[in-house]
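Understanding the architecture of this molecule
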Amino acid sequence: MKNIKKAGSRLYTAAAACLLGLCLGLFAEIALTAPAKAAYAASSGANNMNVVFVLDGSGSMYTTDREKLRFEALELFLGLSTESGNYMGAVVFDDGIILQRDIAPIQNRAAKSELSEEVKRAASNGDTDIGSAILTAVRMLKESGSPDLPSAMILLSDGNTDLPKDTSGKKLEESAHRKAAAIDYARQKEIAVHSVCLNANGKAKLEELREISDATGGTCVEVKRAEDLKEVFNQFYNIIYATETMNLVDTKLPRSGELKVPFSIPVIGVKEANIIINTLNADTSYSLFTPKGYGYTRAELDAMAIRAKTFTVIKIEKPQPGDWELVVRGARKDQVKIDMVYNTDLSMRLEEKQTQSEGQKAAWELSAQVWNDAEAVSEEAVYREYPFWIVVTDKATGETEKLDLSAGAGSSVGQYATEGYGKYKVQAFCKIDGMKVKSNVVTLQKANTAPVWNDDPIVIDKKIHLFSKSLLKLDLNTYASDAEDGADGLHFQIVDSTFGEDEVSLEDAALKIKIKKCGDGELTVEAADAAGAVAKAQIQIRTVSITGYLVAAVLLVLLLAALVVLFPVLRSFTAVVRGTVQVLTYGEEGTDQPVTFDGDQGRMVLSRYVHPSQDIGLHLEKCYLNAAEKKDCIYFVSAQGVYSDQDGGQKKKKVCVRAGMEVNISSDMDFTKGIRISYMPYQ
């Protein structure tokens, strides 16, 4: 990676703040239509998220958190969040799902209170199954989260997956599969799982929660006391919403019992100011004064306040810029800690433009522009006095680099150069008066053309006889090429084939064909270049035997004789499904009527038994059931490969359906359509 030109000065002085205030009065209207402004404001999602709280409700929580301070932490997070625009839900779990509170819009304080109260009421004395809980949460984010907002998960547990009643180990294995599937989906959708391990009794294992957070780009924190949960949830709020908690005062009340706490609201970007008053004295009171000296009445403050046992949050919506004052009154020497957290109206848009392309080298011009309350900030002073930077992530290696931007005319700009065809994820950031703003993500990759096959289809006609070689090798580099990387830079893989793996295989660019064994058929081969562009071609294999008809007839007679001799033996080994099978197909239009049938001998091709009324993503005429070695299970077999909800997101051609279990099978890992099979052997 090559560095961007360094930004100019970074001034954080009071003079810079004053200059910003003067400049903001001169902001010009940008040349965007009102609909365009509204569309960008809606897509930016400043201070709005999809969030699911996944809370351990197992029996051990009654000892590690006797005072139920985890609910205080949840209420603080909800209190800090904006009054509208967020989508939130909750999962409370033990060795099962106690509460699944689907994701819904949080549009007012009553919705926050309803969510909090519903979580408080969920209780259990069971064990701990973390895998099932986080899989439930990611499915909720997928199904009911807002597609226009980013997503995050907060996971709280005082232990690790623990299922002592599972003597067979099957449930523990299933939990591990569900956890792997949840992590895989969270990675795909960039859902960070932030976890807190409450290790009050010293028995919790941090490793499982840390593994989940590390794998999804989240943060994992271990705490020894339930009293610290509130601080961790505050920290998670800062991480998720890209803001920070600013301490205003942490002291004891003076002899007079009255403490004046001044604070300032910036002239840009503050949608809500949250004043967090931490005190254990329920009789503590306070007054709040605006920059013009007006004081809020007691009724007005009550309407603005969210109170819990150990804290009060005063939410000031659309606060006036300037110098405010909070007056706290209470008993002498009472400890009072007051923090402030902004919810911002700031957002940022990052744009890229390729300015150079020579060989495998390329250069881009990057431009980051701040938006305040759906209006573009074009004044150069903002970009000169505050820090702007980008983070570049190599998608192949995960390596990241932080690079500074410099002030431009109405935006912050920089140049970035790459070599090769790698993909780079770029996101811009800035920090304005304690508010950290992040942009949309852009991807940089040099323009590239896809590989080209010389012919499609490629027909291989081969005459064979008793003395011909049994193995035919084809160098695919002679059949395909790439303008940028040539032929030797291509990577090949078989994506579809009518042959078995023991008949046709691929090693690097060498296609190996057991020509005497494979017979006629076809396969599809994909060629990919270094940039990931692909092209497919079909290879048709045709074989003709030139051995005399007499030899063929003799072989046929011998074959028939062998079949007559071996038929009783083969028949004795023919597997029979000894039980009842129930099949239910489903798709975008819903589920079809279930079909129940008795087992049969040999391959039970599903198209003979099931006729779905809609597209289920599977070719039933190519799928069949077959008996296993033991009576308590059967196999579902498909040449195309399928996903099942018991294989942890792995695609397999053979799925085991155990007795008494219901297995979902689909051609896609989201299970939007497919087939559900259950099997019950005869008694």
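The model shown is predicted, which means the values in this text are computed figures rather than measured ones.

1. Let's talk about helix α4 (residues 69-80)
- An ideal rise of 1.5 Å per residue puts 16 Å on 12 residues; α4 measures up with 17 Å between its terminal C-alpha atoms.
- Counting buried residues in α4 gives 12 out of 12 residues, a clear majority hidden from the surface.
- Listed in full, the buried residues belonging to α4 are Leu69, Arg70, Phe71, Glu72, Ala73, Leu74, Glu75, Leu76, Phe77, Leu78, Gly79 and Leu80.

2. Points about the side chain of Thr216
- Its location among the elements puts Thr216 in helix α8 (residues 206-216).
- A polar side-chain atom of Thr216 sits 2.9 Å from the main-chain carbonyl oxygen of Ile212.
- Setting aside residues no more than four positions away along its own chain, Thr216 makes contact with Ile183, Ala186, Ile191, Ala192 and Val193.

3. Observations regarding the packing of aromatic side chains
- Counted under the stated rule, the structure contains 12 aromatic pairs.
- Note on Phe233 and Phe236: the rings are 6.4 Å apart at their centroids and 40 degrees apart in plane angle, and the pair reads as tilted. Separated by three residues within a single helix, Phe233 and Phe236 lie in helix α9 (residues 229-240), roughly one turn from each other.
- Classification of Phe233 by relative accessible area gives buried; the value is 1%.
- Taken together, a centroid distance of 6.2 Å and an interplanar angle of 70 degrees make the contact between Tyr416 and Tyr424 edge-to-face. Like Tyr416, the residue Tyr424 is buried in the burial classification.
- An aromatic cluster of at least three residues, connected via ring pairs, comprises Phe53, Phe77, Tyr237 and Tyr241.

4. Some points on the packing of α4 against helix α5 (residues 109-121)
- Running from N to C, α4 and α5 point in directions that differ by 165 degrees, and their axes come no closer than 10 Å. When the axis of α4 is compared with that of α5, the two are roughly antiparallel. Here the hand of the crossing between α4 and α5 comes out right-handed. Touching Phe71, Leu74, Glu75, Leu78 and Gly79 of α4 are Lys112, Leu115, Ser116, Val119 and Lys120, all from α5.
- For the contact of α4 with α5, the residue count by class is five nonpolar, two polar and three charged.

5. Side note on a positive patch on the surface
- A cluster of basic residues, Lys252, Arg255, Arg332 and Lys333, forms a positive patch on the protein surface.
- Relative to the helices and strands, Lys333 is located in the loop between β13 (322-329) and β14 (335-344).

6. Considerations on the environment of Asn664
- Within the secondary structure layout, Asn664 lies in strand β40 (residues 662-666).
- For the pair formed by Asn664 and Glu75, sequence separation is 589 residues and the distance between their alpha carbons is 38 Å.
- Excluding anything up to four places from it in sequence, Asn664 contacts Tyr586, Tyr643, Ser644, Asp645, Phe671, Ile675 and Arg676.
- Engagement of the side chain of Asn664 in a polar contact is seen with the side chain of Asp645, the distance being 3.1 Å.

7. Digging into the sheet that holds strand β1 (residues 50-56)
- Read from one edge of the open sheet, six strands run β3-β2-β1-β4-β5-β6, paired in mixed fashion. With one partner strand each, in any of the chains shown, β3 (97-106) and β6 (220-223) form the two edges of the open sheet. Looking at each pair of strands side by side, their axes are set apart by 10 degrees on average, direction ignored.
- Where β1 meets strand β2 (residues 86-93), seven bridges bridge the pair, whose relative direction is parallel. Looking at β2, one finds that Phe53 is bridged to Ala90.
- Strands β1, β2, β3 and β4 (151-157) of the sheet are contacted by helix α6 (residues 130-144), whose axis makes an angle of about 25 degrees with β3.
- Strands in contact with α9 are β1, β4, β5 (192-198) and β6; relative to β5, the strand with the most contacts, it is inclined by about 170 degrees.

The rules behind the values
The residue numbers shown here count from 1 along each chain, following its written sequence. Local features in a predicted model are, by the rule used here, given only for residues with pLDDT of at least 70; side-chain atom pairs are given and counted only at 80 or more, and totals for whole chains, interfaces and linings are based on all residues. As a convention, hydrogens and water are excluded, and side-chain values are obtained from all of the structure's heavy atoms. Put simply, DSSP H or I for four residues or longer makes a helix, DSSP E for two residues or longer makes a strand, and each gets a number counted from the N terminus. The length a helix should cover is 1.5 Å for every residue beyond the first. Any residue under 20% of the maximum accessible area for its type is buried, any over 50% is exposed, and the rest in between are partly exposed; the area is computed with a 1.4 Å probe on protein chains only. Throughout this description, a polar contact denotes any pair of N or O atoms lying within 3.5 Å of each other; where both atoms belong to protein, one of them has to be capable of donating a hydrogen while the other can accept it, and for residues adjacent in sequence the pair is counted only when both atoms sit in side chains. Throughout, a residue-residue contact means that at least one pair of heavy atoms, one from each residue, lies within 4.5 Å. Pairing of aromatic rings covers Phe, Tyr and Trp, the last counted by its six-membered ring, and requires centre-to-centre distances within 6.5 Å; plane angles under 30 degrees mean stacked, over 60 mean edge-to-face, and any other angle means tilted. Here an axis means a line fitted to C-alpha atoms, over the contact stretch when the element is a helix, while the angle between two N-to-C directions is reported on a 0 to 180 degree scale. Just so you know how the angles are binned, under 35 degrees is roughly parallel, over 145 roughly antiparallel, 65 to 115 roughly perpendicular, and the rest oblique. Here a crossing is called left-handed whenever its near helix is offset anticlockwise from the far helix by less than a right angle, and right-handed whenever the offset is clockwise. Residue classes follow a fixed rule: Ala, Val, Leu, Ile, Met, Phe, Trp, Tyr, Cys and Pro count as nonpolar, while Asp, Glu, Lys and Arg count as charged, and any other residue, Gly among them, counts as polar. Note that patches include only residues with greater than 30% relative accessible area and no salt bridge, and the join distances are 9 Å for like charges and 5 Å for nonpolar side chains (Val, Leu, Ile, Met, Phe, Trp, Tyr). Areas reported as accessible are Shrake-Rupley estimates using a 1.4 Å probe. Residue values count occlusion only from the protein chains shown. For this document, the term salt bridge refers to a Lys or Arg side-chain nitrogen within 4 Å of an Asp or Glu carboxyl oxygen. Charged-residue counts in this description rest on Lys and Arg as positive and Asp and Glu as negative, His and the chain ends being excluded. Where a charge sits is defined by one atom per residue type, namely NZ (Lys), CZ (Arg), CG (Asp) or CD (Glu). For two strands to count as paired, DSSP must find a minimum of two bridges between them.

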